[in-house]
Amino acid sequence: MPTADPLPRAFYDRPVRAVARDLLGRVVRHTSPEGPVAVRLTEVEAYAGAHDPGSHAFRGRTPRNAVMFGEPGHVYVYFTYGMHWCMNLVCGPPGKPFAVLLRAGEVVDGHDLARVRRPSARAARDLARGPARLTVALGVDKRYDGADATDPSSALVVLPGPARRPARGSVRSGPRVGVAGAGAARPWRYWLDGDPTVSAYRPAVSRRRPVAASGTLDPSSLPGEPQRGATAP
DNA sequence: CGGCCGATCCACT
DNA sequence: GTGGATCGGCCGA
């Protein structure tokens with residue numbers, strides 16, 4: 001297998017949804033002192049910056065999301081739910097906080113190391129099936145926030161992947177996972193149809209603390225029926 | 001297999 | 001103080 005250079009900056013300096021679709025089938029590779037792990041992407045989500053209610057950048061620039069306002073092709077890593085890291089690739093021109101969340105993939109190199117990092121994974125397909133699982137399998141955490149994935153000398157890069165691109169008809173789209181409110185309707189999650197490493201779809205759930213008082217249960221307070229992707233797996 | 005729930009802590013209100 | 005671009009264990013069917 002020939003060694004390839006990472007996808008260049010220009011790959012990411014395009015409309016974010018186009019980049020998201022084009023990332024399917026590409027290969028993210030992290031090389032640590034323990035060795036390399038590479039993941040072929042099967043599921044991603046586009047986040048369209050300042051006008052996207054689902055985006056971390058919707059309410060403007062903060063210390064956490066600063067990387068999204070910078071160079072395309074750099075990595076935005078955030079911490080969530082008190083214990084998980086998730087990684088994005090920054091898209092569009094500097095100043096526009098677009099990004100693609102890497103949600104799932106298939107481990108195509110460093111399988112043994114990935115298993116060590118993900119001991120709870122029952123099957124090989126579960127090693128990077130989910131955004132937080134993917135970062136664990138790769139060994140990515142906040143140290144990589146701001147890293148340049150287009151630099152050939154970087155430990156973390158995105159490679160072009162197999163010469164044969166996924167067939168156009170094999171790319172599906174649907175609502176993003178865990179995104180509530182206005183942004184929920186946007187079908188900006190993309191995945192490879194039928195791929196076993198695509199994560200399970202979960203509608204956004206608001207977790208309210210149990211109400212102390214009883215007897216005032218109000219079913220009408222529930223938000224609208226969660227939208228299932230028409231073609232979600 | 002699907003639903004429920006706790007874990008765990010940081011960013012932002 | 002609140003809740004999150006999640007995960008895995010446990011439960012019942």
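These lines cover the structure that appears in this document, whether it is placed above or below. (Residues numbered from 1 in each chain as written. Chains lettered and ligands numbered in written order. Predicted model: local features only at pLDDT ≥ 70, side-chain atom pairs only at ≥ 80, totals over all residues. Heavy atoms only, no water.)

Some thoughts on the nonpolar core
No. 1: One finds Y12, L23, M87 and L102 to be the most contacted residues of the largest nonpolar core, which totals 40 residues.
No. 2: Considering every element that reaches this core, the biggest residue donor is strand 2 (residues 35-48), with six residues.
No. 3: With sequence-adjacent residues up to four places away left out, L102 is seen in contact with L23, V28, L41, E43, V44, M87, L89, P131 and L134.
No. 4: Y47, V67, M68 and V179 belong to the second-largest nonpolar core, a separate cluster that totals twelve residues. (Core = buried A, V, L, I, M, F, W, Y, C linked by side-chain atoms within 4.5 Å. Buried < 20%, exposed > 50% of the residue type's maximum accessible area, 1.4 Å probe, protein only. Helix = DSSP H or I, 4+ residues; strand = E, 2+ residues; numbered from the N terminus. Contact = heavy atoms within 4.5 Å.)

A word on the protein's contact with DNA strand B
No. 1: In the vicinity of DNA strand B, the contacting residues are R59, T62, P63, R64, F79, Y81, G82 and M83.
No. 2: Counting only atoms of DNA strand B within 4 Å of the protein, the fraction found in sugar and phosphate groups is 69%.
No. 3: The backbone of Y81 places a nitrogen or oxygen atom 2.6 Å from a base oxygen of DNA strand B.
No. 4: Take G82: an N or O atom from its main chain is 3.5 Å from a sugar or linking oxygen of DNA strand B. (Near = heavy atom within 4 Å. Polar contact = N/O pair within 3.5 Å; in protein donor to acceptor, adjacent residues only side chain to side chain.)

Concerning the state of the cysteines
No. 1: Here the structure, examined in full by the defined rule, presents zero disulfides.
No. 2: Free of any disulfide, C86 has its nearest neighbouring cysteine sulfur in C91, separated by 16 Å. (Disulfide = S-S within 2.5 Å.)

Some points on the protein's contact with DNA strand C
No. 1: Near DNA strand C lie 19 residues; those nearest to it are H56, Y78, N88, R118 and R133.
No. 2: When the atoms of DNA strand C within 4 Å of the protein are grouped by moiety, sugar and phosphate amount to 51% of the total.
No. 3: For DNA strand C, a base nitrogen lies 3.1 Å from a polar atom in the side chain of Y78.
No. 4: At 2.5 Å from a phosphate oxygen of DNA strand C is found a side-chain nitrogen or oxygen belonging to R133.
No. 5: For the surface near DNA strand C, the secondary structure elements donating two or more residues are strand 4 (84-91), strand 5 (98-109) and helix 4 (131-138).
No. 6: With three residues, the single largest contributor to the surface near DNA strand C is helix 4.
No. 7: Classifying every residue of the surface near DNA strand C gives seven nonpolar, eight polar and four charged. (Nonpolar A, V, L, I, M, F, W, Y, C, P; charged D, E, K, R; others polar.)

Regarding the pattern of salt bridges
No. 1: Taken as a whole and assessed by the stated rule, the structure comprises 15 salt bridges.
No. 2: The partner of R103 in a salt bridge is E43, and the shortest N-O contact between them spans 2.9 Å. One end of the pair, R103, is in strand 5; the other, E43, is in strand 2, with 60 residues separating them in the sequence.
No. 3: Taking the relative accessible area as the measure of exposure, E43 reaches 0% and is therefore buried. (Salt bridge = Lys/Arg side-chain N within 4 Å of Asp/Glu carboxyl O.)

Considering the environment of Y81
No. 1: Here Y81 lies in the loop between strand 3 (75-80) and strand 4.
No. 2: In this structure, the C-alpha to C-alpha distance between Y81 and L134, residues 53 residues apart in sequence, is 16 Å.

What about helix 2 (residues 16-23)?
No. 1: Looking at helix 2, one finds that the buried residues are V16, V19, A20, D22 and L23.
No. 2: Buried residues along helix 2 sit in contact with helix 1 (9-12), strand 2, strand 4, strand 5, strand 6 (156-159) and strand 8 (189-192).
No. 3: G25, located one to two residues past helix 2, shows a positive phi value of around 90°.

What to know about the layout of surface pockets
No. 1: What the largest pocket holds in volume is close to 1,200 Å³.
No. 2: Surrounding the largest pocket, 35 residues form its lining, Y81, R103, P131, V177 and G178 being those nearest its centre.
No. 3: Mapped onto the lining of the largest pocket, the elements with two or more residues apiece are strand 2, strand 3, strand 4, strand 5 and helix 4.
No. 4: Per-element tally for the lining of the largest pocket: the top contributor is helix 4, with four residues.
No. 5: Here the lining of the largest pocket is built from residues that sort into 17 nonpolar, ten polar and eight charged. (1 Å grid on protein atoms, 1.4 Å probe; cavity = no way out; pocket = protein on both sides within 12 Å on 5 of 7 lines; lining within 4 Å. Points joined across faces, edges and corners; volume = space filled by probe spheres on them.)

Comments concerning the environment of G105
No. 1: Relative to the elements of secondary structure, G105 occurs in strand 5.
No. 2: Residues G105 and R26, spaced 79 residues apart in sequence, show a C-alpha to C-alpha distance of 9.5 Å.
No. 3: Not counting the four nearest positions on each side in its chain, G105 is found in contact with V39, R40, L41, T42, A128, R129, L134 and T197.

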